Amino acid sequence: MQLKAVLFDLDGTLLDTAGDMGAAANHVITGLGLAALPDKVLACTTSDGAYALLRAGIPPALLEQHGLERLRGRMLEFYGENLCRHTRPYDGVAELLGWLDQGRIPWGIVTNKPAALTEPLLAGLPLFASCGVTVSADTLPWKKPHPAPLLHAAERLAVAATQCIYVGDHRRDIEAGRAAGMLTLAAGWGYISAGEHPGDWQADAVLDSVPALWHWLRDAFSPGC
C-alpha cells in the first residue's frame, strides 16, 4: 500500500529536550542536597520521562520520604515554567519538515508528554506550525506502547494506519507502531536508554541521524515506490 503520512515521537526524535528536562529534574534533586545528574545520564534517561529522571538521582528511601508524585509535581511545575530555554530541534529537522510540507505529505506528533507541556512547547516553536495532528499522553485513556494514540493520529489525518510511518527513539515507540500496523523507524540519534539496542526493537529500519531519515523517506515516497 502506498505510504501517505509520517508520525513522529517528540522528545529525542524531533526535539533535543534533555537540557530543559534535565534542568527541571536537577532543580528537584539538588534541592534535596543531592548531586545533579550528569549530561551522560540525562542523554539516556530523558525518553523514559520524569519518573525515571527522578529515580536516577534520588535514592529510594528519599523518594519514599518525600513522595515520588510530589517530587514529580515540583519537577513538572519547574519544567512548565522553563519549557524552551535549551530545547532545540535536531540538526536537519527543519529541512525535513519543510520537505514534507513542500510535498504535501501530512505529518504529526504522537508523544507521551502531557498536553499541558506539549501544546505550549510546540506553540513556542514556529517550525511546528504545520503539524497536522498532535496526540499527547492524556489525549486518550491510553498512551504508548498502546497503539491507540497512533491509530487516533492516523484517523485525524484521514489516512489508513498501514499508510503511515512512525519514527521514535524508544522501544515503546516501535512496539506501538508495529501494533498499529505502521512501518516503524528507530531514531538512533535519540535518547537511547542504557543497555538498549535499537537493532533489537524489530523496527523496519534503524537510522543514525535526521539526514539519514530524510534520505530514507525520500526513497519511500518517491514515485513508483
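For the structure, check the block above.
What you are looking at is a predicted structure, and each value in this text was computed from that prediction instead of being measured.

Caption draft 1: The arrangement of helix α9 (residues 171-179) in detail. Turning to α9, its buried residues number three or more, namely Arg172, Asp173, Ile174, Ala176 and Gly177. One or two residues past the end of α9 sits Gly181, with phi positive at roughly 85°.

Caption draft 2: Looking closely at the sheet that holds strand β7 (residues 183-187). Strands sit in the order β5-β4-β1-β6-β7-β8 across an open sheet of six strands; the sheet is parallel. Both outer strands of the open sheet, β5 (134-135) and β8 (205-207), are each paired with one neighbouring strand and no more. Pairing between strand β1 (residues 5-8) and strand β6 (residues 164-168): four bridges, direction parallel. Paired with Val6 across the bridge in β6 is Ile165. Lying over the sheet, helix α6 (residues 93-102) contacts β1 and β4 (107-110), oriented at roughly 150° with respect to β1.

Caption draft 3: Just the nonpolar core, in detail. The biggest cluster of nonpolar side chains holds 53 residues, and the ones touching the most others in it are Phe8, Met75, Phe128, Val167, Leu213, Leu217 and Phe221. When residues of this core are assigned to their parent elements, the largest contribution, six residues, is made by helix α1 (residues 18-31). Setting aside residues no more than four positions away along its own chain, Phe221 makes contact with Leu3, Lys4, Ala5, Val6, Trp99, Ile105 and Ile165. Core analysis: the second largest hydrophobic core is formed by 16 residues, Val135, Leu157, Cys164 and Met182 among them.

Caption draft 4: Examining unusual backbone geometry more closely. At the junction of Lys144 and Pro145, the peptide bond is cis and its omega measures out at 20° in the coordinates. In this structure, Pro145 sits in the loop between β5 and α8 (148-156). The phi dihedral of Arg104 is positive, around 55°, even though this residue is not glycine. With respect to the secondary-structure elements, Arg104 resides in the loop between α6 and β4. Positive phi is not limited to glycine here, since Gln202 has a value of about 65°.

Reading the values: rules and limits
- Residues numbered from 1 in each chain as written.
- Predicted model: local features only at pLDDT ≥ 70, side-chain atom pairs only at ≥ 80, totals over all residues.
- Heavy atoms only, no water.
- Buried < 20%, exposed > 50% of the residue type's maximum accessible area, 1.4 Å probe, protein only.
- Helix = DSSP H or I, 4+ residues; strand = E, 2+ residues; numbered from the N terminus.
- Pairing = 2+ DSSP bridges.
- Contact = heavy atoms within 4.5 Å.
- Axes fitted to C-alpha atoms, helices over the stretch in contact; angles between N-to-C directions.
- Core = buried A, V, L, I, M, F, W, Y, C linked by side-chain atoms within 4.5 Å.

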